[in-house]
Amino acid sequence: MDSILVKGGAELSGEIPIAGAKNTCLKLMCASLLSEDPLTLTNVPRLSDVRTLTTLLQSLGCEVAFAQNGGVMMISAADLTSHEAHYDIVRKMRASFNVLGPLMGRDGRAVVSLPGGCAIGARKVDFHIAGLEAMGAKVDLKDGYVHASAPQGLRGAEIEFPFASVGATENVMCAAVRAKGTTVIKNAAREPDTVALADCLIAMGADIEGAGSSEMVIRGVDALRGATHPVITDRIELGTYMIAPAIAGGEVELLGGERHLVASLADKLEGIGVEVTQTNRGLKVARKNGRVAAVDVTTAPFPGFPTDLQAQMMSLLCTADGVSHLEETIFENRFMHAPELIRMGADITVSGGTATVRGVERMRGAPVMATDLRASVSLILAGLAAEGETLVSRVYHLDRGYERLEEKLSNVGALVERVAA
Ligand code: UD1
């Protein structure tokens, strides 16, 4: 298993191109199942999660081809040979569960492995199932699999989620686009990835109103056609690289970055002494003098502060001047990076869903272990400002969501290299 070695202390300067969004790309790939015509995606990120979902789509009978060194992907779901998503693939990546809605929307049948919990929490799928049941599907849970069927087809329904779940909104939206009648989703997720999925479905002929607001109206159509659609900029990769110069010092321009995707983070950074400027090429982020100030952060659904940037923000606040509180409201167990940061000299106390971070002047490099995707990158960020060397092991988590991370950081002057096992 590869590791990443970070030598701390280098200021950053230069440009980083931001890739297409992992979480958008995966959902657009699932949406390809809704049409017999091919879907072509551009700005596809080169990530192991994209490869995992490619394998799953192929196992269902899709033909998948790549062009432009993986940046363009063509998926043809003309002839499905299976409606069963196996545990072996779904367990590797929860987003695989999002083939359920498209399979139900297209053919009214699907067998999909339950994804199970994962390191950051229980991550249930009860809202997904209740949504499909409201649309007339019969759903049984057997041997770790969801067996869903609607032999007469799905019908529109009014569905109100108890929590604005991203995955459940997207699964139900995909099921509803080819259902009979109108579906109304209340308390829908408003994440840019969800809006991007709606935009792609609309380009394929779906009738969807209200994406980006908490109430969506979806009028079912008989069939969807093929389309060519771009993957939007990855706001989590963007936010991660905004935090890099805030931690290490210097100035970096993040190409393709748009402030509205990361406004909650940009506001926080500006409040603690980091400059964030929208240019015509992207977002320029600079920290020129002194330590950042402490600040309190609470994660929330979009447009609130993203849970997927909480670990990276904690790394930054470890060296802030003062005491910060980070409250995690989306997942129940998402502070696994805290003990690793403590090994690097951070002063953090976790109590329930809140972490109290007392800023220290300097962190120290140490061997640390990545526990999940965003935790891994938070340790690399912490290493950028730490004294000495930080060796982050188990970086396969990182390869799920960050394309060429060591190259992108090295290009702006960070001392980061991959150490092959
Ligand atoms: C997606 C993102 C993930 C991000 C998260 C929150 C993808 C591939 N992943 O995950 O990176 O961190 O949104 O922004 O897009 N819940 C239930 N029952 C359900 C569904 C969800 O109780 O049926 C709970 C979950 O356990 C969690 C909360 O709702 O505590 C939010 O989950 P959700 O918004 O569904 O996240 P995901 O779609 O899994």
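- The name an unreviewed UniProt entry gives the protein is UDP-N-acetylglucosamine 1-carboxyvinyltransferase, with Candidatus Rhodobacter oscarellae as the organism.
- If you open the UniProt record of the protein and go to Catalytic activity (unreviewed entry), you find "phosphoenolpyruvate + UDP-N-acetyl-alpha-D-glucosamine = UDP-N-acetyl-3-O-(1-carboxyvinyl)-alpha-D-glucosamine + phosphate".
- In its Subcellular location (unreviewed entry) section, UniProt records this for the protein: "Cytoplasm".

1. Side note on the UniProt feature "binding site: phosphoenolpyruvate" (unreviewed entry) in the protein
Consideration 1: Residues given the UniProt feature "binding site: phosphoenolpyruvate" (unreviewed entry) here are Lys-22 and Asn-23.
Consideration 2: With respect to the helices and strands, Lys-22 occurs in helix H1 (residues 22-31).
Consideration 3: Sequence-distant contacts of Lys-22, that is, excluding residues within four places in its chain, are made with Pro-45, Leu-47, Asp-49, Asp-234, Leu-373, Arg-374, Arg-400 and Gly-401.
Consideration 4: At a separation of 2.9 Å, a polar atom in the side chain of Lys-22 contacts the side chain of Asn-23.
Consideration 5: Along the polypeptide, Asn-23 turns up in helix H1.
Consideration 6: According to the relative accessible area criterion, Asn-23 is partly exposed, its value standing at 23%.
Consideration 7: In this view, Asn-23 contacts Asp-193 and Asp-308; residues no more than four positions away in its chain are not counted.

2. Quick notes on the state of the cysteines
Consideration 1: Taken as a whole and assessed by the stated rule, the structure comprises 0 disulfides.
Consideration 2: Free of any disulfide, Cys-174 has its nearest cysteine sulfur in Cys-30, 7.5 Å distant.

3. Section: helix H8 (residues 235-248)
Consideration 1: Along its 14 residues, H8 runs 20 Å from first to last C-alpha, staying within 8% of the 20 Å computed at 1.5 Å per residue.
Consideration 2: The element H8 is extensively covered by neighbouring structure, given that 14 of its 14 residues are classed as buried.
Consideration 3: Capping of H8 at its N-terminal end is provided by Asp-234; its side-chain oxygen lies 2.9 Å from the backbone amide nitrogen of Ile-236.
Consideration 4: Residue Gly-249 follows H8 closely and has a positive phi angle near 85 degrees.

4. Here we look at the site of the ligand
Consideration 1: Close contacts around the ligand come from 19 residues, with Asp-126, Phe-127, Ser-165, Asp-308 and Ile-330 the closest.
Consideration 2: Measuring from an oxygen atom of the ligand, one finds a side-chain N or O atom of Ser-165 at 2.6 Å.
Consideration 3: For the ligand, an oxygen atom lies 2.8 Å from a polar atom in the backbone of Gly-167.
Consideration 4: Broken down by secondary-structure element, the contributors of at least two residues to the shell around the ligand are H1, helix H5 (126-134) and helix H6 (166-176).

Reading guide: rules and limits
Residues numbered from 1 in each chain as written. Predicted model: local features only at pLDDT ≥ 70, side-chain atom pairs only at ≥ 80, totals over all residues. Heavy atoms only, no water. UniProt positions renumbered as here; feature names shortened; annotations may be inferred. Helix = DSSP H or I, 4+ residues; strand = E, 2+ residues; numbered from the N terminus. Contact = heavy atoms within 4.5 Å. Polar contact = N/O pair within 3.5 Å; in protein donor to acceptor, adjacent residues only side chain to side chain. Buried < 20%, exposed > 50% of the residue type's maximum accessible area, 1.4 Å probe, protein only. Disulfide = S-S within 2.5 Å. Expected span 1.5 Å × (residues − 1). Near = heavy atom within 4 Å.

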